[in-house]
Amino acid sequence: MGNVVLVTGVARQLGGRFVRRIQRDPDVDRVIGVDAVAPEHHLGGAEFLKADIRHPEIARVLAETGVDTVVHMDINGTALSGRGGRASVKETNVIGTMQLLGACQKAPNVQRLVVKSSTSVYGSAPRDPAVFTENTPPKSLPSGGFAKDTVEVEGYVRGFARRRPDVAVCVLRFANILGPCADSPLAEYFALPVLPTVLGYDPRLQFVHEDDAIDVLRIAAAAPRRGTLNSGTFNIAGDGVLLLSQVSRRLGRPTLPLFLPTVTWAGTVLRSLGITDFSPEQIRMLTHGRVVETTQMRETLGFHPRYTTAETFEEFARSRGPGLLPPESLARTVDRLAGTLLARRGPSQ
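Note that this is a predicted model, so its numbers are computed, not measured.

Looking at helix α9 (residues 280-288)
Along α9, the residues classified as buried are E281, Q282, I283, M285, L286 and T287. In the stretch just after α9, G289 is the one whose phi turns positive, near 70 degrees.

Laid out in structure tokens, this is it:
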């Protein structure tokens, strides 16, 4: 008998893709997808059980199916269409995780737990280190939103690991996941015709391609390969960084630099109109940026992304179509303006 894998959050595109892919692994005998709503996409040969992880019924699901591997992907920054607002998202992220971990604790068959977390646990602050490692504490803990959810979720996961030391626990802290199917708040921001930015800041950003996200989740959900260890906490990001100014040029979308209070006000307006979830935590990230170290991902977990940060964004940009301005023309214009400014300053300045 192969592994029996339960995956949460399968109504989202990434969860659905992971379910379809993991069914092809030779060590997997049965895959069970769980979500509060039925997915609009197909799940291949996987079983779908309509269950809300916020409710105790998830314990019955684990008990009746004999699950030995749980991949918890129902931790997200925005609501799935038609599933409520921010309050519902927080309940699913935090209360849902608590209920799921409680069910795992009571299920003797569970041997492995994989949690899709986020680098947002580090927050974004002006005194942040240049690069975060897995052991670097944030300068200031996130005060709200998805970032605070992930901090709480990881706290509950650590408590579970202490209570069930026999379970192999792997926490994957993903940088922003992008790709043709990306449905994150950042993807919505990049879809705006003009990108509001904070005047005087050009943050560094990292991305993970959704194909790489699927691959690393598969590694975490399987028995460790020789010379690797897939228990612990790992930063997951593509090589390299991009500045927000480079991102806007590659999209062909002009930026609109604003003072921070104005950006905050604009975010509130966009959020109230339902255009994008331009939250305060996202504004902080687009002000100060965030870069993580990925040595443990490579040397311990044994995962090497196929896409760099730049390649990930290039594919995402192609999938979104052209912006208001051709990227090549926009880049040339910016470069000419920068050259003109430098020439006017003179060599001594």
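Here's the deal with the side chain of S118
For S118, the location among the structural elements is in strand β5 (residues 112-118). Of the polar contacts made by the side chain of S118, one reaches the backbone nitrogen of S120; its length is 3.0 Å. With sequence-adjacent residues up to four places away left out, S118 is seen in contact with F146, T150, L172, R173 and F174.

Comments concerning the pattern of salt bridges
According to the stated counting rule, one finds 20 salt bridges in the structure shown. For R158, the salt bridge is made with E154, and the minimal N-O distance between the two is 3.9 Å. In this pair, R158 and E154 both sit in helix α4 (residues 145-163), four residues apart, roughly one turn of the helix. Judged by relative accessible area, which is 46%, R158 ranks as partly exposed. A residue is classified by how much of its surface remains accessible, and E154, at 6% relative accessible area, is buried. Among the charged side chains, a network of salt bridges with common partners joins R21, D25, D212, D215, R218 and R306.

Points about the environment of N230
If you trace the backbone, N230 turns up in the loop between α6 (210-221) and β11 (232-236). The exposure class of N230 is buried, given its relative accessible area of 2%. Within the structure, N230 has its side chain in polar contact with the backbone oxygen of A222 (distance 2.7 Å).

Describing the packing of helix α3 (residues 86-106) against α4
With their axes 10 Å apart at the nearest point, α3 and α4 run at an angle of 5 degrees to one another. Between α3 and α4, the angle falls in the class roughly parallel. Facing R86, K90, N93, V94, T97, M98, L101, C104 and Q105 of α3, the residues of α4 in contact are G145, F146, D149, E152, V153, Y156, V157, F160 and R163. The residue inventory of the contact of α3 with α4, partitioned by class, reads nine nonpolar, four polar and five charged.

Cut-off values and rules
Residues numbered from 1 in each chain as written. Predicted model: local features only at pLDDT ≥ 70, side-chain atom pairs only at ≥ 80, totals over all residues. Heavy atoms only, no water. Buried < 20%, exposed > 50% of the residue type's maximum accessible area, 1.4 Å probe, protein only. Helix = DSSP H or I, 4+ residues; strand = E, 2+ residues; numbered from the N terminus. Polar contact = N/O pair within 3.5 Å; in protein donor to acceptor, adjacent residues only side chain to side chain. Contact = heavy atoms within 4.5 Å. Salt bridge = Lys/Arg side-chain N within 4 Å of Asp/Glu carboxyl O. Axes fitted to C-alpha atoms, helices over the stretch in contact; angles between N-to-C directions. Parallel < 35°, antiparallel > 145°, perpendicular 65-115°, else oblique. Nonpolar A, V, L, I, M, F, W, Y, C, P; charged D, E, K, R; others polar.

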